[in-house]
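Below, each chain spelled out in residue letters.
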Amino acid sequence: MVTNKKKRILALCLSLVMVFSITCMEATSSAETMPDPDDEFAEEEEITFKDKQGLTYSTLGTAKTIYNPTSVIEVGVETKDRGKILGKIVIPATIVYPKTGKRYRVTMDEIGFYDCKKITSVVLPTTWKTIDDIAFAGCHKLSTVKNIQKVREIGFLSFSDCYSLKKLKLDQVVSIDKAAFDGCKKLSAVTIGKKCKELGEFAFNRCKKLKTITIKSTKLKKVGKKAFKGTSHKLTIKVPKKKLAAYKKLFKNKGNKKVVVKAI
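What you are looking at is a predicted structure, and each value in this text was computed from that prediction instead of being measured.

A. Geometry of the sheet that holds strand 2 (residues 56-58). If you walk across this open sheet you meet the 5 strands as 1-2-3-6-5, and the pairing is mixed. Two strands bound the open sheet, and with one partner strand each, they are strand 1 (48-50) and strand 5 (94-96). Averaged over all pairs of adjacent strands, the angle between their axes in this sheet comes to 35°, without regard to strand direction.

Spelled out as structure tokens, the structure:
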């Protein structure tokens with residue numbers, strides 16, 4: 001005989017089973033209707049357009065899916081346009097896509113402004129903390145890079161063969177990668193701020209007019225081989241007084257045997 005107590009327990013169990021079933025069905029339904037943002041087959045948001053300067057903006061390398069669209073857009077110059085970009089360029093921190101009115105945060109694309117030989121001046125966004133590899137390599141007429149003093153990381157070959165650069169203030173730089181300023185043959189003076197920890201191999205290779213490097217950092221731990229190869233025989237590196245002895249050892253045999261290291 002089934003007692004009233006057993007009936008109540010049985011009814012409660014059936015209710016719980018029904019609630020659990022409904023919850024599972026709702027979860028399954030929701031999963032079916034909400035696309036997975038990581039699904040490699042999901043439709044991508046692809047945008048490409050140019051601004052008045054001739055710079056190309058694209059999401060092709062950065063976009064996720066239309067359900068979770070990226071807020072980042074890459075800027076650079078197409079191969080066919082590299083000889084057409086002249087004079088001064090201004091890279092915006094953000095830009096609006098005209099067709100949708102959506103605003104994107106601007107970042108560098110894979111090649112950036114490589115081989116834009118006729119660019120003379122660049123204004124970087126003050127928000128940029130990194131200059132990517134080969135970003136401005138081969139920009140032979142580039143003489144001014146505004147806001148570079150705010151950059152923390154300067155990538156591999158990023159300004160190589162920028163023949164017209166003359167002076168640099170790298171106030172916030174933490175690391176300068178290999179050959180970053182290789183071949184900057186008119187570069188005569190560089191100031192490096194208090195945060196720098198590393199100078200890569202060949203960092204200032206073939207900078208034959210480089211006579212003065214002022215290093216304010218007391219944190220510099222690594223200087224790569226031949227960092228100063230091909231610099232002026234009159235190169236003087238000025239350093240904090242308390243690091244004079246240590247930095248003399250650090251800069252020894254780094255490509256310029258006649259380098260003079262002295263206190264600021």
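Moving on from the coordinates now.
B. Broad picture of the packing of aromatic side chains. Enumeration according to the criterion identifies 9 aromatic pairs in this entry. Ring geometry for Phe159 against Phe181: centres 5.5 Å apart, planes inclined by 5°, an arrangement best described as stacked. Pair noted here: Phe159 is in the loop between strand 10 (153-154) and strand 11 (167-170) and Phe181 is in the loop between strand 12 (175-176) and strand 13 (189-192), with a separation of 22 residues, a long-range link. Through pairs of rings, three or more aromatic residues link up here, namely Phe113, Phe136, Phe159, Phe181, Phe204, Phe228, Tyr247 and Phe251.

C. Quick look at the nonpolar core. With 63 residues, the main nonpolar core has Phe113, Phe136, Phe159 and Phe204 as its most contacted residues. When residues of this core are traced back to their parent elements, those giving at least two are strand 3 (72-76), strand 6 (103-108), strand 7 (119-123), strand 11, strand 13, strand 15 (212-215), strand 17 (236-239) and helix 2 (244-250). Ranked by the residues each element gives to this core, the list is headed by strand 6, at 3 residues. Among residues more than four places away in sequence, those in contact with Phe204 are Ile176, Phe181, Leu187, Val190, Leu210, Ile213, Ala227, Phe228, Lys229 and Thr231.

D. Geometry of unusual backbone geometry. The phi angle at Asp115 is positive, at roughly 70°, despite the residue not being glycine. Relative to the assigned elements, Asp115 resides in the loop between strand 6 and strand 7. For Asp115, a relative accessible area of 26% translates into the label partly exposed. The phi dihedral of Asn253 falls on the positive side, at around 60°, and the residue is not glycine. Of note, Asn253 is situated in the loop between helix 2 and strand 18 (260-263).

Thresholds, definitions, all that
- Residues numbered from 1 in each chain as written.
- Predicted model: local features only at pLDDT ≥ 70, side-chain atom pairs only at ≥ 80, totals over all residues.
- Heavy atoms only, no water.
- Pairing = 2+ DSSP bridges.
- Helix = DSSP H or I, 4+ residues; strand = E, 2+ residues; numbered from the N terminus.
- Axes fitted to C-alpha atoms, helices over the stretch in contact; angles between N-to-C directions.
- Phe/Tyr/Trp six-rings, centres within 6.5 Å; stacked < 30°, edge-to-face > 60°.
- Core = buried A, V, L, I, M, F, W, Y, C linked by side-chain atoms within 4.5 Å.
- Buried < 20%, exposed > 50% of the residue type's maximum accessible area, 1.4 Å probe, protein only.
- Contact = heavy atoms within 4.5 Å.

From the geometry alone we can't say anything about function, so treat these as descriptive.
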